[in-house]
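Structure assessment
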Protein chains: 2
Amino acid sequence: MKLDAIDRKIVAILQEEGRMRTNELAEKVGLSPTPCARRVVALEDRGVITGYTASVNQEMLGLPISIFVSVELDNQRAEALQLFEKEVQTFDEIMECFIMTGSQDFLMRVVAADLGSYERFLQEKLTRVPGIRSIRSRFALRRIIKRDRLPNLSH
Amino acid sequence: MKLDAIDRKIVAILQEEGRMRTNELAEKVGLSPTPCARRVVALEDRGVITGYTASVNQEMLGLPISIFVSVELDNQRAEALQLFEKEVQTFDEIMECFIMTGSQDFLMRVVAADLGSYERFLQEKLTRVPGIRSIRSRFALRRIIKRDRLPNLSH
DNA sequence: CGTGAAACTAACCACCC
DNA sequence: GGGTGGTTAGTTTCACG
């Protein structure tokens, strides 16, 4: 899966302006529209570009709170991990979840309207998943960086 | 800033399919194209929709590693916080950064191509920011949830 | 909010280099 | 792999009910 300089430029631009048209994009990357469109389709087909999304203001949509939740499991057997993974997929409040190195736990960012609804999330959803040894919540006061575009590789 | 049911539906759809056309969107929300387009413009103008981005596969772009970095400052004076905030804005490797409650520190997700480039990020960038008391890095093995769409408010 | 018409543009294809 | 031209189809935008 090789990406040349033009592919990387296309990806960089579309990360910042996901609705840009083929014509404008082609001009910006120095191609004519047809090969530019071909590249975009190829990037989508290869799974480099996985979709297009509108970025929204979380506060304005009534979800001002982000909580980072660390979850440790009772044991690290593969079935336990898979079960947990399957269960949490169904929880809409979790925006992202990572398996971490070290004590083999999970780190997730949960969004909520207020502390009450976060508590409900804990009591009615997360703590009901079997196999959890501990849960730790850390609250975010404010987000100071939200970047849409991945850095370039240059070292 | 009131959003009715149709606005929320528009926002929900565009979070999952950011390139959807006015016609199709209008049909899905039960409106004719003109008022639907008017609503989208209004949502953008009010700052509910802040932009459109292509979602990409981080691994395929050569950045397979995510690291959660907790930074604690020497002191919590406003100037120290603002200085830190200003400095880290310039670091492309930081995809998101939150100010946390409690010990008043920062939590950020940093992406890297490999451990070497992460170490360079630490040594050449992050540790050179003045006023840092401690830095803790936790590595993600794998991301199991990446959600584009915020949950609905329903309680 | 909806309709209809006008103007514009974008996407697509076959073909050539 | 990139470029051109032409056709088609669709989109946006407006004035108005």
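In the block above lies the structure referred to throughout.
The notes below deal with the structure included here. (Residues numbered from 1 in each chain as written. Chains lettered and ligands numbered in written order. Predicted model: local features only at pLDDT ≥ 70, side-chain atom pairs only at ≥ 80, totals over all residues. Heavy atoms only, no water.)

A word on the sheet that holds strand E5 (residues 132-146) of chain B
What counts here: Note on pairing: DSSP must find at least two bridges between two strands before they are called paired. Runs of H or I in DSSP of at least four residues are treated as helices and runs of E of at least two as strands, each being numbered from the N terminus. To obtain an axis, a line is fitted to C-alpha atoms, over the contacting stretch when the element is a helix, and the angle between two such axes runs from 0 to 180 degrees between their N-to-C directions. Only heavy atoms matter for contacts: two residues are in contact if any of them lie within 4.5 Å across the pair.
Spatially, the eight strands close up into a barrel ordered E2(A)-E4(A)-E3(A)-E5(B)-E2(B)-E4(B)-E3(B)-E5(A), and their pairing is antiparallel. Averaged over all neighbouring strand pairs, the angle between strand axes comes to 35°, with direction disregarded. Relative to strand E4 (residues 105-112) of chain B, strand E3 (residues 94-100) of chain B is paired through five bridges, and the arrangement is antiparallel. Each residue of the ladder has a partner; that of Ile 99 of chain B, found in E4 of chain B, is Phe 106 of chain B. In the packing of helix H5 (residues 115-124) of chain A onto the sheet, contacts are made with strand E2 (65-73), strand E3 (94-100), strand E4 (105-112) and strand E5 (132-146) of chain A, and the angle to E5 of chain A comes to roughly 145°.

A look at the protein's contact with DNA strand C
Rules: Residues are counted as near a molecule or strand when any one of their heavy atoms sits within 4 Å of it. Definition of a polar contact: a pair of N or O atoms within 3.5 Å, with one able to donate and the other able to accept a hydrogen when the atoms are protein atoms, and with sequence-neighbouring residues admitted only if both atoms are side-chain atoms.
Around DNA strand C, the structure places Thr 22, Asn 23 and Thr 34 of chain A together with Leu 31, Ser 32, Thr 34, Pro 35, Arg 38 and Arg 39 of chain B. Across the atoms of DNA strand C situated within 4 Å of the protein, the share located in sugar and phosphate is 60%. Measuring from a phosphate oxygen of DNA strand C, one finds a side-chain N or O atom of Thr 22 of chain A at 2.8 Å. In this structure, Thr 34 of chain B approaches DNA strand C through a side-chain N or O atom, which is 3.4 Å from a base oxygen. Within the residue set of the surface near DNA strand C, elements represented by two or more residues are helix H2 (22-29) of chain A together with helix H3 (33-45) of chain B. Residue contributions to the surface near DNA strand C peak at four residues, all from H3 of chain B.

Focus on the relation of the copies chain A and chain B
The criterion, for reference: In this comparison the copies share one frame, found by least squares on the C-alpha atoms of residues holding pLDDT of at least 70 in both.
Relative to chain B, chain A is turned by 180° and slid 0.0 Å along the rotation axis, the superposed coordinates differing by an RMSD of 0.1 Å. Accordingly, the operation relating the two chain copies is best matched by a two-fold axis.

A look at the protein's contact with DNA strand D
As a structural note, the neighbourhood of DNA strand D is formed by Leu 31, Ser 32, Thr 34, Pro 35, Arg 38 and Arg 39 of chain A together with Arg 21, Thr 22, Asn 23 and Thr 34 of chain B. For DNA strand D, a phosphate oxygen lies 2.9 Å from a polar atom in the backbone of Ser 32 of chain A. Side-chain polar atom of Arg 39 of chain A to a phosphate oxygen of DNA strand D: 2.4 Å apart, as the coordinates give it. Elements with a minimum of two residues in the surface near DNA strand D: helix H3 (33-45) of chain A together with helix H2 (22-29) of chain B.

What to know about the environment of Arg 147 of chain B
Inspection of the secondary structure puts Arg 147 of chain B in the segment after E5. When the C-alpha atoms of Arg 147 of chain B and Glu 16 of chain B are compared, they prove to be 9.2 Å apart, with 131 residues separating the residues in sequence. The contact partners of Arg 147 of chain B, leaving out residues within four places of it in the chain, are Val 88, Gln 89, Phe 91, Asp 92, Ile 94 and Met 95 of chain A.

Quick notes on helix H4 (residues 78-88) of chain B
For clarity, the threshold we go by: Only protein chains enter the calculation, and the probe is 1.4 Å; a residue is then buried if its accessible area is under 20% of its type maximum, exposed if over 50%, and partly exposed in between. This arc is taken over the directions from the axis of the helix to the C-beta atoms.
Within H4 of chain B, burial applies to Leu 81, Phe 84, Glu 85 and Val 88 of chain B. Projected down its long axis, H4 of chain B shows its buried positions confined to an angular sector of 100°, all on one face. Counted as exposed and oriented over 90 degrees from the buried face of H4 of chain B: Glu 79, Gln 82 and Lys 86 of chain B. Buried positions along H4 of chain B lie against E5 of chain A together with strand E2 (65-73), E3, E4 and E5 of chain B.

Points about the interface of chain A and chain B
How we decide: Note: buried area is the sum, over both parts, of the accessible area (probe 1.4 Å) each one loses when the two are combined. Basic side-chain nitrogens of Lys or Arg form a salt bridge, by our definition, when they fall within 4 Å of a carboxyl oxygen of Asp or Glu.
Counting from both sides, the interface comprises 70 residues of chain A and, opposite them, 71 residues of chain B. Of the roughly 6600 Å² buried between chain A and chain B on both sides combined, carbon and sulfur atoms contribute 61%. Along the contact surface separating chain A from chain B lie four salt bridges. With a shortest N-O distance of 3.1 Å, Glu 85 of chain B and Arg 142 of chain A are connected by a salt bridge.

That's the geometry; what it means functionally is another story.
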